[in-house]
Amino acid sequence: MESQARRHLLLGAGAGAVAVAGVGYYSVFGPSSQWFGEFPYRARTQEKVVALTFDDGPNEPFTSQLVDVLGEQRVPATFFQVGRCVERHPGLSARMADAGHVIGNHSYSHRFLRFLTEPSLGSEISRTQEILSSETGLRPALFRPPWLGHPPQVLAEARRQGLRVVSGTFAHPLEVAQIPGWRIARHAVELARPGAMLIFHDGFDARGGYRGQTVEAVRLVVAELADRGFRFMTVADMLATAPYQGGTQSATVNQGIPRSSVS
């Protein structure tokens, strides 16, 4: 009996540790977690509007292919770009901004340990600000952290640099593995709700990589959501905030889901 009781205690302690670890992970990396401050993942609205967003680029030829697909349907999108990738493709970010897409900051190297530690954290953000400013003539006001990691030091540093940190909803958990585009698209369409900000990837960390299935998925998503009566907006428009520092505030939906409204 004593050994059985001890075994039950150990099992209970182990389950508790797993639960605590899970809560800790969600608080830092959960797309809808608001534990440490505002981290908007959708807008509070009843309008059938959705924002398409792309992380980890630019990455050719797939970023340009996405821009072509979006341009055919006059869909504005938000691209959160990695500084090192912007350097690799000079001129591309400026062309995207000129086409009406919003360019946001997504760190310089997209390296996990470097990004979450000081003093690297500040330079990861500021270096990309300088690169994008030089490339586009615009200084981003939006920042999406790599892997959506948003512990207190990340939120504080972004605020210090005048950036609004934003989240979103992953279009498909296996999109980065480039499963068939129709599967990515079907899942993304199911997630589309008024005010949703869907996350796709046009790159891979700070490297290149095949993203042909993402291009196909976006083509399908745009067509299907348009048929369902959705309109497309940038994240800045969705959250009624300025896309670039020193710019004017967009006047559209609202300020996003506040901390007190997230379950």
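Quick note: structure is the one above.
An account of the accompanying structure is given in this report. (Residues numbered from 1 in each chain as written. Predicted model: local features only at pLDDT ≥ 70, side-chain atom pairs only at ≥ 80, totals over all residues. Heavy atoms only, no water.)

### Considering the nonpolar core
One finds L52, F54, L70, F200 and V218 to be the most contacted residues of the largest nonpolar core, which totals 51 residues. Those residues within four positions of V218 in sequence are excluded, and the remaining contacts are L52, F54, L66, V69, L70 and F200. One finds L121, V154, L155 and L163 within the second-largest nonpolar core, a separate group that totals 11 residues. (Core = buried A, V, L, I, M, F, W, Y, C linked by side-chain atoms within 4.5 Å. Buried < 20%, exposed > 50% of the residue type's maximum accessible area, 1.4 Å probe, protein only. Contact = heavy atoms within 4.5 Å.)

### So, helix α9 (residues 212-227)
The periodicity of an α-helix, 3.6 residues per turn, causes residues three or four positions apart to be oriented the same way. An ideal rise of 1.5 Å per residue puts 22 Å on 16 residues; α9 measures up with 23 Å between its terminal C-alpha atoms. Buried residues in α9 make contact with β1 (49-57), α2 (62-72), α8 (181-191), β7 (196-201) and β8 (231-233). A positive phi of about 90 degrees marks G229, the residue just after α9. (Helix = DSSP H or I, 4+ residues; strand = E, 2+ residues; numbered from the N terminus. Expected span 1.5 Å × (residues − 1).)

### Digging into the packing of aromatic side chains
Tallied over the entire structure, the rule returns 3 aromatic pairs. Measuring from centroid to centroid gives 5.4 Å for F62 and Y210, while their planes differ by 90 degrees, and the two rings are edge-to-face. Of this pair, F62 sits in helix α2 while Y210 sits in the loop between β7 and α9, and the two are 148 residues apart along the sequence. Chaining the aromatic ring pairs together yields one cluster made of F54, F79 and F200. (Phe/Tyr/Trp six-rings, centres within 6.5 Å; stacked < 30°, edge-to-face > 60°.)

### A look at unusual backbone geometry
Of the consecutive residues G57 and P58, the connecting peptide bond is found in the cis state with omega at 0 degrees. Relative to the assigned elements, P58 resides in the loop between β1 and α2. E60 connects to P61 through a cis peptide bond whose omega is 5 degrees. On the secondary structure map, P61 appears in the loop between β1 and α2.

### Some words on the packing of helix α6 (residues 120-136) against helix α7 (residues 152-160)
Where α6 contacts α7, the two axes come as close as 10 Å, and the packing angle between them is 45 degrees. If you check the angle between α6 and α7, you find them oblique. Crossing of α6 over α7 shows right-handed handedness. Of the residues in α7, those in contact with L121, G122 and I125 of α6 are Q153, V154, E157 and A158. In terms of residue class, the contact of α6 with α7 is built from 4 nonpolar, 2 polar and 1 charged. (Axes fitted to C-alpha atoms, helices over the stretch in contact; angles between N-to-C directions. Parallel < 35°, antiparallel > 145°, perpendicular 65-115°, else oblique. Left-handed = near helix turned anticlockwise from the far one by under 90°. Nonpolar A, V, L, I, M, F, W, Y, C, P; charged D, E, K, R; others polar.)

### Describing the pattern of salt bridges
Taken as a whole and judged by the stated rule, the model has 8 salt bridges. Residue E38 pairs with R164 through a salt bridge whose shortest N-O separation is 2.7 Å. Taken together, the positions of E38 in the loop between α1 (2-29) and β1 and R164 in strand β5 (residues 164-165) put the pair 126 residues apart, joining distant regions of the chain. As a salt-bridge pair, R231 and E47 come within 2.7 Å of each other at their nearest N and O atoms. A residue pair is termed long-range when its members are at least 10 positions apart, and R231 in strand β8 and E47 in the loop between α1 and β1 qualify at 184 residues. (Salt bridge = Lys/Arg side-chain N within 4 Å of Asp/Glu carboxyl O.)

Read these as layout, nothing more, since geometry by itself doesn't imply function.
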